[in-house]
Amino acid sequence: MAKAIAAVVGALQHGGSLSAATDYDVSLMLAFQKGNELAFQELVERNHTRVIGLVYRFIGDSADAEDLAQEVFLRIYRARLTYKPTAKFSTWMFRITANVSLNALRSRASRRDDVSIDQMADVHEGPRAIPDPESRMPDEHMHQEELRTKVREAIHTLPEKQQIAVVLNKYEGMSYADIARTIGCSTMAVKSLLARARDNLKDRLLLYLRTGRGRQRIA
Amino acid sequence: MTPPTCHWVRSVLTAYLDGELKPSTAQAVRRHLEHCQSCSEHAKQLEQAWETLDTLHAPPVRPGFTERMMARIVEEKDLEALEERLRPDRRLRQIVAAVSGLAAGLVLGLAAYTWTGLTAEPASPVEREVCRNVAFLEDADLVDEMAVIEAMDRLSGKSIAEDGV
Ligand SMILES: [Zn+2]
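This is a predicted model, so every value here is computed, not measured.

K.L.:
Let's hear about the overall build of chain B: which residues, and what values?
P.N.:
Counting secondary structure elements, chain B contains 7 helices and 0 strands. In chain B, buried positions account for 28% of the 165 residues. Once local pairs closer than 6 in sequence are excluded, the contacts in chain B between residues at least 24 apart make up 55%. Carbon and sulfur atoms form 62% of the exposed surface of chain B, whose accessible area is close to 11000 Å².

Dropping the structure here:
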């Protein structure tokens, strides 16, 4: 398989655009566009771990992460005829990943909104209520899993664009400029998105930071 | 140059921590943090909260993702073929063909009916040909529907034969 693709990619790199020559995944996508399905297969092979990881960070649920990652590659497959190599392949792929993940979160949220009034009363009195510092403070017993839940909740309470900026910056190590290209805004806007996001995260997670317990476990 | 205010430092602190400031601006922030305890405490908390996000490790990936994905692509191709068959313009052309076929059949049938002297059975070769064509055009839809059902069955992994058992 690798040989067949290398031949196509080689041909593309000689006659293809600059971005195709510098981004191997773009070359694969262009080869796929010309009908080489092995190129698509290699795209999946090369990128699925990153996509699954990103989806997981967006939705916080490993059970659904694979299904949604499949959805991402399905969209890439369907876009083969209209695809244009105007940016890095990863920029395009991460935009699709963010869209698929946030759509899934939205439909989950709307399912939650469908619960009956009785159930809603429970929800508001139950664990969703704002934690009372006095009763929730025995952080000595805070488990790693509990901390993860808090982190997930903190990320999910951010506005959508802040969520995307945080996930791409934190877990993909993307620069402000690359994030800007991914979500289609200016670098200045990303700067302000991340500043607000990190302030929000600090405020939400401060309670669990004060004891230092969580940090010890991370280190 | 006037020394930066705490308010200004806070507004660029995240970009500073991310290494996204120009060297000269970063240096101004660094100097402020050396002397301002409140801002340096704020910076420390921002960093600590950010580190907490490291607890969300990526989940282990089940082996065979690519194979499962390619199997899904096979299903996708079946679906694409099905959609192609059901494209509205194609359906419309079929309906127009069937309706005009029927209309032509009726006109010719009526003419033949009158011409053969009010016989009930189609008599002439032309009339019989028209009747056969009308039946075929009506069946065209049926043939199409069968193809759809078969494609659906293929997608759901069971055959029509199994249905009959
Ligand atoms: Zn200050």
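K.L.:
Any details on the packing of helix α4 (residues 37-59) of chain A against helix α9 (residues 144-156) of chain A? Residues and values, ideally.
P.N.:
Residue and element names in this part refer to chain A. Look at α4 against α9: their axes get within 8 Å of each other, and the N-to-C directions meet at 85°. Between α4 and α9, the interaxial angle falls into the category roughly perpendicular. Residue-level inspection shows Tyr-56, Arg-57, Phe-58 and Ile-59 of α4 in contact with α9, the latter providing Arg-148, Arg-152 and His-156.

K.L.:
I'd like to hear about the packing of helix α1 (residues 6-17) of chain B against helix α3 (residues 37-52) of chain B, residue by residue, with values.
P.N.:
Geometry of a packed helix pair, given as the angle between the helix axes and the separation of the axes. All names here are of chain B. Viewed as axis vectors pointing N to C, α1 and α3 meet at an angle of 30°, and their least axial separation amounts to 10 Å. Relative to α3, the element α1 is oriented roughly parallel. In terms of crossing hand, the pair formed by α1 and α3 is right-handed. In this structure, α1 uses Cys-6, Val-9, Arg-10, Leu-13, Thr-14 and Leu-17 to contact α3, whose residues at the interface are Ser-38, Cys-39, His-42, Ala-43, Leu-46 and Glu-47. Here the contact of α1 with α3 is composed, by residue class, of 7 nonpolar, 3 polar and 2 charged.

K.L.:
Outline the pattern of salt bridges, listing residues and values.
P.N.:
Summed over the entire model, instances satisfying the criterion amount to 22 salt bridges over all chains. Between Glu-71 of chain A and Arg-72 of chain B there is a salt bridge, with the nearest N and O atoms lying 3.6 Å from each other. With Glu-71 of chain A in helix α5 (residues 62-78) and Arg-72 of chain B in helix α4 (residues 65-85), this pair bridges two chains. Exposure remark for Arg-72 of chain B: the relative accessible area of 25% places this residue in the partly exposed category. Look at the salt bridges and you will find they share partners, linking Asp-61, Asp-64 and Arg-108 of chain A into a network.

K.L.:
Any details on the interface of chain B and chain A? Residues and values, ideally.
P.N.:
At the junction of the two partners, chain B supplies 35 residues and chain A supplies 46 residues. Taken over both partners, the interface formed by chain B and chain A buries close to 4100 Å², and the fraction arising from carbon and sulfur atoms is 64%. For the chain B face of the interface with chain A, the top three residues by lost area are Trp-50, Leu-56 and Phe-65 of chain B, together amounting to 19%. Between chain B and chain A we count 9 salt bridges in total. Residue Glu-37 of chain A pairs with Lys-77 of chain B through a salt bridge whose shortest N-O separation is 3.1 Å. The leading source of residues in the side of chain B that touches chain A is α4 of chain B, at 10 residues. Of the residues assigned to the side of chain B that touches chain A, the class counts are 15 nonpolar, 9 polar and 11 charged.

K.L.:
Tell me about the coordination of the zinc ion, residues and numbers included.
P.N.:
All names here are of chain B. Protein coordination of the zinc ion is provided by Cys-6 (SG), His-32 (NE2), Cys-36 (SG) and Cys-39 (SG), with donor distances spanning 2.1 to 2.3 Å. Relative to the metal, the 4 donor atoms surrounding the zinc ion lie at angles of 103 to 114°, and the coordination shape comes out tetrahedral. Of note, the zinc ion draws all its donor residues from one chain, in the sequence arrangement C-x25-H-x3-C-x2-C. Here Cys-6, found in helix α1, pairs with His-32, found in helix α2 (residues 23-35); they are 26 residues apart in sequence, far enough to count as distant.

K.L.:
Give a description of the nonpolar core that names residues and reports values.
P.N.:
Phe-40, Ile-76, Phe-89 and Leu-201 of chain A together with Leu-53 of chain B are the most contacted members of the largest nonpolar core, which has 81 residues in total. Phe-89 of chain A has contacts with Asp-23, Asp-25, Val-26, Met-29, Leu-43, Asn-47, Ile-76 and Tyr-83 of chain A, leaving out every residue within four places of it along the chain.

K.L.:
Report on α4 of chain A, specifying residues and quantitative values.
P.N.:
For an α-helix, 3.6 residues make a turn, and residues three or four places apart therefore share a direction. Residues and elements named next belong to chain A. Asn-47 marks the point of greatest bend in α4, at about 55°. At the N-terminal end of α4, a side-chain oxygen is found 2.9 Å from the backbone nitrogen of Leu-38, two or three residues along, and the residue is Asn-36. Just downstream of α4, Gly-60 is the residue with a positive phi angle, here 65°.

K.L.:
Break down the environment of Leu-43 of chain A for me, citing the residues and quoting the values.
P.N.:
All names here are of chain A. Assignment of secondary structure puts Leu-43 in helix α4. With 18 residues separating them along the chain, Leu-43 and Asp-25 place their C-alpha atoms 6.5 Å apart. If sequence neighbours within four positions are ignored, Leu-43 has contacts with Asp-25, Leu-28, Met-29, Phe-73 and Phe-89.

Rules used in this analysis
- Residues numbered from 1 in each chain as written.
- Chains lettered and ligands numbered in written order.
- Predicted model: local features only at pLDDT ≥ 70, side-chain atom pairs only at ≥ 80, totals over all residues.
- Heavy atoms only, no water.
- Helix = DSSP H or I, 4+ residues; strand = E, 2+ residues; numbered from the N terminus.
- Buried < 20%, exposed > 50% of the residue type's maximum accessible area, 1.4 Å probe, protein only.
- Contact = heavy atoms within 4.5 Å.
- Areas by Shrake-Rupley, 256 points an atom, 1.4 Å probe, with all protein chains shown as cover.
- Axes fitted to C-alpha atoms, helices over the stretch in contact; angles between N-to-C directions.
- Parallel < 35°, antiparallel > 145°, perpendicular 65-115°, else oblique.
- Left-handed = near helix turned anticlockwise from the far one by under 90°.
- Nonpolar A, V, L, I, M, F, W, Y, C, P; charged D, E, K, R; others polar.
- Salt bridge = Lys/Arg side-chain N within 4 Å of Asp/Glu carboxyl O.
- Buried area = accessible area lost by both parts, 1.4 Å probe.
- Donors = N, O, S within 2.8 Å, 3.2 Å for Na, K, Ca; no water.
- Tetrahedral: all angles 85-135°; square planar, octahedral: opposite > 155°, others 65-115°.
- Core = buried A, V, L, I, M, F, W, Y, C linked by side-chain atoms within 4.5 Å.
- Bend = angle between axes of the 7 residues up to and from the residue.
- Polar contact = N/O pair within 3.5 Å; in protein donor to acceptor, adjacent residues only side chain to side chain.

Honestly, that's just the spatial picture; any functional story needs more than this.
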